[in-house]
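Chain and residue survey
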Amino acid sequence: METLDQCKKAGAEAGAAGLPFDSCPYTFSRAGVDQPTFEREWRPRLYAWFAGWKQTGQMPKPKFNPRWHKAT
C-alpha cells in the first residue's frame, strides 16, 4: 500500500488535473473490505488523498437556495 505522503501527492495531482473527488481510489466502495479494516487501513489514505486534492482541486459550490437569502 502507498504511504500517506504518496496518497497526498496523488490527491494533489488529481486536483491539479481537474478530476472530481469521485476519482479517489481509497473510498469504502472501492476498498472492498469490512468496516474495521477500512477504518484502520484505508481511511487514513482517504484523508491524505483528500487533503492533497482540496489544496489544488475545485470544491463543488453549493446550489443556490432562495431561502438562504429570505428576510426573517
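All residue numbers refer to position in the chain's written sequence, counted from 1. Note on the predicted model: pLDDT of at least 70 is required for a residue's local features to be given, and 80 or more for side-chain atom pairs to be given and counted; whole-chain, interface and lining totals, by contrast, use all residues. The side-chain numbers reported here are obtained from all heavy atoms of the structure, hydrogens and water having been left aside.

Turning our eyes to something else, we now look at the environment of Ala 14. Tracing the backbone shows Ala 14 in helix H1 (residues 4-16). With residues near it in sequence (within four places) discarded, Ala 14 still touches Leu 19, Ser 23, Trp 49 and Trp 53. Under the DSSP-based scheme used, a helix requires at least four consecutive residues in state H or I and a strand at least two consecutive residues in state E, with every element numbered from the N terminus. Only heavy atoms matter for contacts: two residues are in contact if any of them lie within 4.5 Å across the pair.

An ideal rise of 1.5 Å per residue puts 18 Å on 13 residues; H1 measures up with 18 Å between its terminal C-alpha atoms. Each residue is placed in one exposure class: buried if its accessible area under a 1.4 Å probe, protein chains only, is under 20% of its type's maximum, exposed if it is over 50%, and partly exposed if it falls in between. Buried within H1 are the following residues: Cys 7, Gly 11, Ala 12, Ala 14 and Gly 15. The arc that holds every buried residue of H1, seen down its axis, measures 160 degrees, which confines them to one face. Exposed side of H1, more than 90 degrees from the buried face: Asp 5, Lys 9 and Ala 16 are the residues found there. Each element contacted by the buried residues of H1 is listed here: helix H3 (35-56). To estimate how far a helix should reach, multiply one less than its number of residues by 1.5 Å. Each C-beta atom gives one direction from the helix axis, and the arc is the one those directions make.

This brings us to the confidence of the model for the protein chain. Here pLDDT means the predictor's own confidence in every residue, given as a number from 0 to 100. The share of residues in the protein chain with pLDDT of 70 or more is 79%, and the mean pLDDT across the chain is 86. For the protein chain, helix H2 (residues 28-31) is the element with the lowest average pLDDT, namely 90, and H1 is the one with the highest, namely 94.

With that settled, consider the packing of aromatic side chains. Here a pair means two rings of Phe, Tyr or Trp (six-membered ring of Trp) with centres within 6.5 Å. Their orientation is stacked below 30 degrees between planes, edge-to-face above 60, and tilted elsewhere. Evaluation of the coordinates by the stated rule reveals seven aromatic pairs. Their ring planes at 65 degrees and their centres at 5.8 Å tell us that Phe 21 and Trp 49 sit as a pair that is edge-to-face. Note that Phe 21 is positioned in the loop between H1 and H2 and Trp 49 in helix H3, a separation of 28 residues in sequence. Note on Phe 21: relative accessible area 29%, which makes it partly exposed. Ring geometry for Phe 28 versus Phe 38: centroids 5.2 Å apart, planes at 90 degrees, classification edge-to-face. Here Phe 38 lies in helix H3 and Phe 28 lies in helix H2, a separation of 10 residues in the sequence.

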